[in-house]
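Commentary on secondary and tertiary structure
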Amino acid sequence: MSDFDGLKALVTGGASGIGRATAELLAARGAQVAVLDLDPSSVEKPLLAYSADVTDDASVRTAVAAAVADLGGLDVLVNNAGIGAHGTVEDNDDAEWHRVMDVNVVGMVRVARAALPHLRASSHAAIVNTCSIAATAGLPQRALYSATKGAVYSLTLAMAADHVREGIRVNCVNPGTVDTPWVGRLLSKATDPAAERAALEARQPTGRLVSAAEVAGAVAYLASPLSGATTGTALAVDGGMQGLRLRPV
Ligand code: NAD
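Residues numbered from 1 in each chain as written. Predicted model: local features only at pLDDT ≥ 70, side-chain atom pairs only at ≥ 80, totals over all residues.

Section: the site of the ligand
- Taken together, 27 residues surround the ligand, and among them Gly-13, Ser-16, Gly-17, Gly-82 and Thr-180 come closest.
- Elements represented by at least two residues in the shell around the ligand include exactly α1 (17-28), α3 (94-119) and α5 (181-188).
- Partitioned by chemical class, the residues of the shell around the ligand number 12 nonpolar, 12 polar and 3 charged. (Near = placed C-beta within 6 Å. Helix = DSSP H or I, 4+ residues; strand = E, 2+ residues; numbered from the N terminus. Nonpolar A, V, L, I, M, F, W, Y, C, P; charged D, E, K, R; others polar.)

And the structure:
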């Protein structure tokens, strides 16, 4: 028996990167897994796939209802879909702030709202939000992105408090720099992507990027009954980025 046998999970943004690795890990460990994504065309069995845009409440409600009906219930929500944003507060206009907030913050709220009635019926209910070290560290050129992840962190704590007596645990993972298509897209914009990647790796305490599978492992722990007494926490998966100070100051 695995800790995931019989668990029914929904992973948003599960067609790529961290979400994909998470969906695959949960399924490999015995969970039944549904993926909700803007473009789920690459998602393969045994994963179930549903197309939805987390900025569109109607499409979220329809997709969550279909996923829950096909799974036969819901125990785990991995609220992971998110997008990046670059720059200082002077670089992004109001429209861009609203657009990224709508995906990264309100998107998670919409999916949670649709999922909560079903999670209440589970005896192992857990929500895991994908946050970021940007929530609690001052990263340059990430004002908008960091503000969205700061909101995700606060949302995680507030939801943990609101739903603890209903038996629903709410936690988040705070990844560092993870080797996903997202980072690939960023590096491809550099004049020398290979040199940029080497510099990025050199900035990591471990000397390498975090893998999507390593973030998936942390999500899986927080999603499973193994972490049954853990709620309202953020688990860093950042290769020591935030906690370590390798050179004395
Ligand atoms: P990714 O771009 O590889 O995957 C993101 C997935 O989300 C894609 O499949 C995309 O189609 C989906 N998505 C985007 N907007 C959507 C929308 N409106 N509706 C539905 N689906 C949508 O990115 P990733 O690196 O795997 O990032 C996943 C999460 O991890 C994000 O929340 C991101 O903020 C967070 N994160 C990533 C890193 C990193 O270094 N890669 C670090 C910290 C946190």
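Thoughts on the packing of α3 against helix α4 (residues 143-163)
- The N-to-C vectors of α3 and α4 enclose an angle of 20°; their axes lie 9 Å apart at closest approach. Taken together, the axes of α3 and α4 lie roughly parallel to each other. Between α3 and α4 the crossing geometry is right-handed. Contacts between α3 and α4 pair Glu-96, Trp-97, Val-100, Met-101, Asn-104, Val-105, Met-108 and Ala-112 from the former with Leu-144, Tyr-145, Thr-148, Ala-151, Val-152, Leu-155 and Met-159 from the latter. (Axes fitted to C-alpha atoms, helices over the stretch in contact; angles between N-to-C directions. Parallel < 35°, antiparallel > 145°, perpendicular 65-115°, else oblique. Left-handed = near helix turned anticlockwise from the far one by under 90°. Contact = placed C-beta atoms within 7 Å.)

Describing the pairing of strand β2 (residues 32-37)
- With 6 of its 6 residues buried, β2 lies for the most part within the structure.
- The alternating pattern of β2 places Gln-32, Ala-34 and Leu-36 on one face and Val-33, Val-35 and Asp-37 on the opposite face, and all of these are buried.
- Bridge analysis of strand β1 (residues 8-12) against β2 gives 5 bridges, and the strand direction is parallel. Its bridge partner lying in β2, Leu-10 is registered against Ala-34.
- For the crossover from β1 across α1 to β2, the handedness is right-handed.
- The pairing of β2 with strand β3 (residues 48-51) spans 4 bridges and is classified as parallel. Looking at the pairing, Ala-34 lines up with Leu-48 of β3. (Buried ≥ 20, exposed ≤ 12 C-beta atoms within 10 Å, placed from the backbone. Pairing = 2+ DSSP bridges. Right-handed = clockwise from strand over helix to strand, strands pointing away.)

Fair warning: the whole summary comes from geometry, so function is off the table for now.
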